[in-house]
Amino acid sequence: MKKLLLCILLISLTLNSFASGNIQESYENSSLETSFDISEEINKLISKEININNEYVIDISNIKEKLENLYWEKSFIFEWNLKWASTQNGPVFMRVFSEKWEKELELNIFETTKSEDEASEQKILFHNTYNILVYEKSFLLIYSDEILSSDINNYIEFSKKDGVYVNTIWPLNKTDIEISSIVNNIKDYKQTLWFKSDFIIVWGSRDFVFNILSNINKDLTSNNSWETYNIVWLSSYNLNILWSYLKNFLANKVWLDKIILLWENSKYLILKQNQIWDLITELEANKQSFLNIDLTQNDVKNIFFLSKFINNLSNVWYSTNSIYIFLLIPIVLTIIIIFKHFIGLSPIGIVIPLFITLLFFKLGLVFWWSLILLYVCLNLVLSLITERYNLLYAPRMAFLLSINIIFFIGIINILYSLNLITLNMWDVLYFIVFILLSEKMITIITSKDLWEYKESFFYTLLIPIFAFWIFNITAIKVFLLSYPEILLWLIPINFLIGKFSGLRITEYFRFKEIIKSVEEE
């Protein structure tokens, strides 16, 4: 009996060692070189997301066929391993997942050959593990490139743990929004995914959200579409102020059923409900701060004609930044007049500092300063040419303006081709109009009296910088776009400035000795 047990033990050890030897041999790396990238081909065929209780199929038969055509003397074994499930063999993997959450699917491709002693020899040709998300809810998230990538990644990973698929439209900037069709992305989401939400999550700043909504509005109205959307806006800004900011833009948008303003720290609650009314109930049950806005019941009264003007511009696809620039024009003009008549700092005219201010907002401070310096240098060089020839004024100005326009179109085109700037046609037109209106400035630069105008030249650049710094403050921008009727106060203010006949601040300093002596007498 003891001898029998000893024999069984020896046979078992022998078989184990033989089996382990076979396994070690089978997992030896293959030396085959393929003319195509197996990993890339498989990634094209594998879907990383599947909705619960639906059949999931991966068919890579074409890869097997390619391998067998390249190496006809070999055969290839495909092995699929899923944790807590039986191994499947063959180029096709099929399974119905009845539980949500992320699954790890392992794929091994073995190369099998026959050696001289006819013993089977296996080598590993390909090995990879794929994470497959089995979801019971899906959401569409549109987010700004200003949002930290770590915040987005944490949000997506958290959702996966709860069996929720967050389909993202890549981090968007201003240029992406202008050239992309958000509506097409929304349609792709609705057509390809199951258990989809009936609302879109938008995560970003005020201007980002309005640029997204403007893009959607443009596509839907230009195509006469009858689609409607619900929006959930994640923001870190004061919700009540945002509502005032919202109503002038989004009133009478027939494609927008409902919009909810929600604090960023409530973003995880969204994952619990994928229907807008269920989400509202969930937020109320958890006593979260949010604004539930039904814009179909909101309208801008005609008496508030400036608010109506903003709403009309938003209906024809103008961005918040462009509308803000329109509203700034009378304010900047008033600031220029205050600097000139109260303080005593006189720029070159009124239109030139106004346009420089608008260009600061449109093109950015650093980029516009670079163009201004180039503009001055170019005209100084042109002055050396015009001084040598006695040209009449009108042909001379046409000559200088034409060279300025052609030169800067070339510069902008070079910068754009090198991906150093992102400009649209309106940005270029702003600059060309500035050049056409800056006749007096070019005349001063190209004249012999440039040094005499150095103070006016300096103030022409100083006032726009001051205005840009003031009106770039977020609170001022929000307030002006929320309550544009405040501009009506500029009418009596400008009238009172016109009636002012006293000394300017700079004149008090210039004549302080005379004023002091007169007071002493």
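Further up the page is the structure itself.
Residues numbered from 1 in each chain as written. Predicted model: local features only at pLDDT ≥ 70, side-chain atom pairs only at ≥ 80, totals over all residues. Heavy atoms only, no water.

Caption draft 1: Structural view of the pattern of salt bridges. Throughout the structure, instances matching the rule amount to 10 salt bridges. Between E136 and K100 there is a salt bridge; the shortest N-O distance is 2.9 Å. With E136 in the loop between β8 (120-135) and β9 (137-144) and K100 in the loop between β6 (92-96) and β7 (101-114), this pair connects stretches of sequence that are 36 residues apart. We classify E136 as partly exposed; its relative accessible area is 29%. Its relative accessible area of 16% is what places K100 among the buried residues. (Salt bridge = Lys/Arg side-chain N within 4 Å of Asp/Glu carboxyl O. Helix = DSSP H or I, 4+ residues; strand = E, 2+ residues; numbered from the N terminus. Buried < 20%, exposed > 50% of the residue type's maximum accessible area, 1.4 Å probe, protein only.)

Caption draft 2: Geometry of helix α13 (residues 365-386). For α13, which comprises 22 residues, the first-to-last C-alpha distance of 31 Å matches the rise-based estimate of 32 Å (1.5 Å per residue) to within 8%. Within α13, the full set of buried residues consists of F367, W368, L371, I372, Y375, V376, L378, N379, L382, S383 and T386. (Expected span 1.5 Å × (residues − 1).)

Caption draft 3: How the structure looks around helix α17 (residues 454-471). The terminal C-alpha atoms of α17 lie 26 Å apart, and with 18 residues this matches the ideal 26 Å at 1.5 Å per residue to within 8%. Along α17, the residues that are buried comprise F457, Y459, T460, L461, I463, P464, A467, F468, I470 and F471. In this structure, the buried residues of α17 make contact with α11 (320-343), α12 (351-363), α13, α16 (439-446) and α18 (474-482). (Contact = heavy atoms within 4.5 Å.)

Caption draft 4: How the structure looks around the nonpolar core. Membership of the largest hydrophobic core comes to 93 residues, with the highest contact counts inside it found for I216, W368, Y375, F431, F434 and F471. Broken down by element, the residue count for this core peaks at 10 residues, all from α11. Sequence-distant contacts of F471, defined by excluding residues within four places in its chain, comprise Y324, L328, I331, I335, F361 and I476. Formed by 26 residues, the second largest nonpolar core is a distinct cluster that contains F36, L67, F93 and L125. (Core = buried A, V, L, I, M, F, W, Y, C linked by side-chain atoms within 4.5 Å.)

Caption draft 5: Here's a closer look at the packing of helix α2 (residues 38-45) against helix α3 (residues 61-70). Taken N-terminus to C-terminus, the directions of α2 and α3 make an angle of 155°; their axes are 10 Å apart at the nearest point. By the criterion of interaxial angle, the relationship of α2 to α3 is roughly antiparallel. Here I38, E41, I42 and L45 of α2 come into contact with α3, specifically with N62, I63, K66 and L67. Its residues placed into classes, the contact of α2 with α3 shows 5 nonpolar, 1 polar and 2 charged. (Axes fitted to C-alpha atoms, helices over the stretch in contact; angles between N-to-C directions. Parallel < 35°, antiparallel > 145°, perpendicular 65-115°, else oblique. Nonpolar A, V, L, I, M, F, W, Y, C, P; charged D, E, K, R; others polar.)

Caption draft 6: Summary view of the packing of aromatic side chains. Using the criterion set out here, one finds 18 aromatic pairs in the structure. Here the aromatic rings of Y135 and Y165 are separated by 5.6 Å at their centres, their planes lie at 35°, and the arrangement is tilted. With Y135 in strand β8 and Y165 in strand β10 (residues 164-172), this residue pair connects regions lying 30 residues apart in the sequence. With respect to burial, Y135 and Y165 carry one shared label: buried. A ring pair is formed by Y324 and F361, whose centres lie 6.1 Å apart and whose planes are at 80°; its orientation type is edge-to-face. With Y324 in helix α11 and F361 in helix α12, the pair connects residues that are 37 residues apart, well separated along the chain. For F361, a relative accessible area of 10% translates into the label buried. Ring-pair connections join several aromatic residues into one group, and the members of that group are Y56, W80, F93 and F97. (Phe/Tyr/Trp six-rings, centres within 6.5 Å; stacked < 30°, edge-to-face > 60°.)

Honestly, that's just the spatial picture; any functional story needs more than this.
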